[in-house]
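The primary structure of each chain is shown beneath.
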Amino acid sequence: MGTNNWWPGQAEPAMAMDSADWRTQLTVDSRQRIVNKILDTLKRHLPVSGQEGLHELMNIAVRFEEKIYTAATSQSDYLRKISLKMLTMGTKDQIAMAGNLPSNSEGNSNLPSNSEGNSKNPQDPGNRNIIT
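Residues numbered from 1 in each chain as written. Predicted model: local features only at pLDDT ≥ 70, side-chain atom pairs only at ≥ 80, totals over all residues. Heavy atoms only, no water.

Before going further, it helps to examine the confidence of the model for the protein chain. It should be kept in mind that the predicted coordinates are not to be read in detail where pLDDT is low. Confidence along the protein chain averages 75 in pLDDT terms, with 58% of residues attaining 70 or more. Confidence drops under a pLDDT of 50 for residues 4–17, and excluding neighbours within four residues, the segment shows 4 contacts in the predicted structure. (pLDDT = per-residue confidence, 0-100. Contact = heavy atoms within 4.5 Å.)

Take the side chain of T41 next. Assignment of secondary structure puts T41 in helix 2 (residues 28–45). Under the relative-accessibility criterion, T41 is labelled buried at 7%. In this view, T41 contacts M86 and M89; residues no more than four positions away in its chain are not counted. (Helix = DSSP H or I, 4+ residues; strand = E, 2+ residues; numbered from the N terminus. Buried < 20%, exposed > 50% of the residue type's maximum accessible area, 1.4 Å probe, protein only.)

Attention shifts here to the packing of helix 2 against helix 3 (residues 50–71). The contact between helix 2 and helix 3 brings their axes to 9 Å, and the two run at 125°. Here helix 2 is positioned oblique relative to helix 3, judged by the angle of their axes. Of the two elements, helix 2 crosses helix 3, and the hand of that crossing is right-handed. Taking contact as the criterion, the partners of R31, Q32, I34, V35, N36, I38, L39, L42 and K43 in helix 2 are, on helix 3, L54, L57, M58, I60, A61, V62, F64, E65, E66 and Y69. Of the residues that constitute the contact of helix 2 with helix 3, the class distribution is 13 nonpolar, 2 polar and 4 charged. (Axes fitted to C-alpha atoms, helices over the stretch in contact; angles between N-to-C directions. Parallel < 35°, antiparallel > 145°, perpendicular 65-115°, else oblique. Left-handed = near helix turned anticlockwise from the far one by under 90°. Nonpolar A, V, L, I, M, F, W, Y, C, P; charged D, E, K, R; others polar.)

Have a look at this one:
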């Protein structure tokens, strides 16, 4: 074993340097652009009004970016986690919107209903009044 102070669960010094190295290569400007993109996504999916609401969304975006930045193991992991969360937010929003759309089976059509199937539309498959 010698004088090596490494033990299981502790990163080797070379590995620790490599994993932290990606953070030094990411500029403050790059992180700010990412925060701005997160903010844009939040604004699209969360309605806010006034400066106070916008300020709160900015705080959420900054905290989220910092959390991912701290937890990520590499720059690609950092970008992947942020992208995945933004896509997930968009998907959940689309699912929620689809759930709120009226169904045609409920009779929410603008056309007058005809329970006998005698539609005036000659292209209607249920039309029993065939025009010759």
